[in-house]
Amino acid sequence: MRRYRYPLSFLFIDTQKGNQPGELVGKFLHRGIANGHLLRLQILDLEHVYKPQLPENLGDLNHLIYLGLRWTLLEIIPSSIGKLLNLQTLDLKHTNMKALPSSIQKLQKLKHIYITRSTIRPQLAMQYLQSLKNLHTLKGLFLESYPDLSMGLDQAPSNQRKSKGLYEGLGMLISLRELEIELELIPSLLEIVIKHVIKLKHLQSLKLTSYSATESLGHLKLESLSGLENLSRLELSGVIDNPSIFINTNGLPKNLTCLTLVESALRDDPIPVLQKLHNLRSLYLNDGSYTGRSIVCSTGGFPQLLVLKMSFLFNLEEVIVEELAMQKLVELEIVNCRNLEVLTGLKNLETLQQLKLTDISKEFTATIEETKGKTLDNLAIIVRRPW
């Protein structure tokens, strides 16, 4: 141990449950910090260590830049974390923490934070996080309506109306590059959140997931996202209530390279608009994102698209690929589109290397195999059946 008396990083691997692993780790850290052997530590990763007992002197690790607590099921971290002024990454994914310590506001060098939807209370999280002006990554934040706001902001008590500022605080994170948030909000609060998200001009990746306490699907009432000029990756989960605002040539960022739509319930074919995104490399239409019967990829559409996946589009009957459409497509995947009968123009996809078919009718698969035999000798067709 003398050879490694002042380590720069520690990775603990112990998946045992019970008190012993957490106690042992806590004692090791306390002693190592107290005797000065760990004071140069820059990386501390406790992933999967069951409820490690973090010592209060953890804050003495003032060289620490990475603290990983993922899958520890930890319930509390010492307030001395606020002394880790060089900390850049804090991973609290899959812990059982109910709140962040208020001292986290002092971590002005913090760039990346990962938390868990179902545990940390949103009002406390936003109260502290909105002061972190250098934050680049925020993943796992869950925003819900206060119980007293279910009646609407106008009828809520004045102190509750003021609390809407916590949602507005999202717009203060002006350095954000990656944002993943889950929403269960009344329409008025959802509108506030969206208005502040589109102010985050440095965003490169955005994932919005909407839930509903009363319906099976959440809803998203979107504004134009075209002002997010740096956005390259976008994932939206939830029924899009105003597709005419979003699915049009002025509603989407021009630099998108990856777009995922989940449960969007779009009635009109979105492809005529999406195929004009000339930088798009990957497109995923998943889980009822489109409820129509036909998809048409037109000549010249999707000039850079490499991957197209369509899954659980139960009404889809026909896919048409015109000549000179998707001329760089490498992979096409179709999952559980049970009513799909026709894929016209497969021969036009000269660059296609893989066609993955999962839970598709035998008749459709046979037709595809016949087409491949005539024109696409280099195409690999992978057929998967449901378990």
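Residues numbered from 1 in each chain as written. Predicted model: local features only at pLDDT ≥ 70, side-chain atom pairs only at ≥ 80, totals over all residues. Heavy atoms only, no water.

Q: Where do I start with the pairing of strand β14 (residues 294-297) in this structure?
A: It is a general feature of regular strands that their side chains alternate between the two faces of the sheet. Of the two faces of β14, the one holding Ile-295 and Cys-297 is buried and the one holding Ser-294 and Val-296 is not buried anywhere. Relative to strand β16 (residues 318-321), β14 runs parallel, the two being bridged by four bridges. Residue pairing in the sheet places Val-296 in a bridge with Ile-320 of β16. (Buried < 20%, exposed > 50% of the residue type's maximum accessible area, 1.4 Å probe, protein only. Helix = DSSP H or I, 4+ residues; strand = E, 2+ residues; numbered from the N terminus. Pairing = 2+ DSSP bridges.)

Q: What is the right way to look at the side chain of Thr-116 in this model?
A: Tracing the backbone through its elements, the reader meets Thr-116 in the loop between β5 (112-114) and α2 (122-129). Exposure remark for Thr-116: the relative accessible area of 12% places this residue in the buried category. At a separation of 3.5 Å, a polar atom in the side chain of Thr-116 contacts the main-chain carbonyl oxygen of Leu-92. Polar side-chain contacts of Thr-116 include one of 2.4 Å to the backbone nitrogen of His-94. (Polar contact = N/O pair within 3.5 Å; in protein donor to acceptor, adjacent residues only side chain to side chain.)

Q: Is there a simple way to think about the nonpolar core in this case?
A: Within soluble globular proteins, side chains that are nonpolar generally end up buried alongside one another. Core analysis: the largest hydrophobic core is formed by 111 residues, its most contacted members being Leu-44, Leu-179, Leu-234, Phe-246, Leu-283 and Met-310. With six residues, the top contributor of residues to this core is helix α5 (residues 187-197). (Core = buried A, V, L, I, M, F, W, Y, C linked by side-chain atoms within 4.5 Å.)

Q: Can you walk me through the sheet that holds β14 in this structure?
A: The strands making up a sheet are joined through hydrogen bonds of the backbone, oriented either antiparallel or parallel. Judged by pairing direction, the sheet is parallel, and its three strands sit side by side in the order β14-β16-β18 without closing on themselves. Every interior strand has two partners, whereas the edge strands, β14 and β18 (342-344), have only one. Neighbour-to-neighbour, the strand axes of this sheet turn through a mean angle of 5 degrees, independent of strand direction. Pairing analysis gives three bridges linking β16 to β18, with the strands arranged parallel. By the bridge assignment for β18, Ile-320 is matched with Thr-344. (Axes fitted to C-alpha atoms, helices over the stretch in contact; angles between N-to-C directions.)

Q: Where do I start with the packing of aromatic side chains in this structure?
A: Aromatic rings in a pair are described by how distant their centres are and how their planes are angled relative to each other. The final tally for this structure, using the stated rule, is one aromatic pair. A centroid spacing of 5.9 Å and a plane angle of 85 degrees characterise the contact between Phe-312 and Phe-314, whose relative ring orientation is edge-to-face. When the ring centre of Tyr-114 is taken as reference, the NZ or CZ atom of Arg-70 above it lies at 5.9 Å. (Phe/Tyr/Trp six-rings, centres within 6.5 Å; stacked < 30°, edge-to-face > 60°. Lys NZ or Arg CZ within 6 Å of the ring centre and 35° of its normal.)

Q: So what exactly am I meant to see when it comes to the pairing of strand β15 (residues 307-311) here?
A: Across the five residues that make up β15, a large majority, four, are buried. As defined by bridge partners, strand β13 (residues 282-286) adjoins β15 across five bridges and the pair is classed as parallel. Bridge assignment links Tyr-284 to a residue of β15, and that residue is Lys-309. Of the pairings in the sheet, the one linking β15 to strand β17 (residues 331-335) comprises five bridges and is parallel in character. Bridging from a neighbouring strand, Val-307 pairs with Glu-331 of β17.

Q: Before we go on, may I ask you to explain the pattern of salt bridges in this structure?
A: Close approach of charged atoms allows side chains of opposite charge to pair. One pass over the full model with this rule turns up ten salt bridges. Here Lys-83 ties to Asp-60 by a salt bridge, and the two come within 3.2 Å at their closest N and O atoms. Of this pair, Lys-83 sits in the loop between β3 (66-68) and β4 (89-91) while Asp-60 sits in the loop between β2 (43-45) and β3, and the two are 23 residues apart along the sequence. According to the relative accessible area criterion, Lys-83 is partly exposed, its value standing at 46%. Look at Asp-60 and you get partly exposed, because its relative accessible area is 33%. Note that Asp-91 is salt-bridged to Arg-70, the shortest N-O span being 2.8 Å. One end of the pair, Asp-91, is in strand β4; the other, Arg-70, is in the loop between β3 and β4, with 21 residues separating them in the sequence. Asp-91 sits in the buried class, given a relative accessible area of 5%. Linked by salt bridges that have partners in common, Lys-139, Glu-178 and Glu-180 make up one network. (Salt bridge = Lys/Arg side-chain N within 4 Å of Asp/Glu carboxyl O.)

Q: What exactly am I supposed to notice about the environment of Gly-82 here?
A: Mapped onto the elements, Gly-82 comes out in the loop between β3 and β4. With residues near it in sequence (within four places) discarded, Gly-82 still touches Ser-103, Lys-106 and Leu-107. (Contact = heavy atoms within 4.5 Å.)

Without other data, these values stay purely geometric and don't point to any function.
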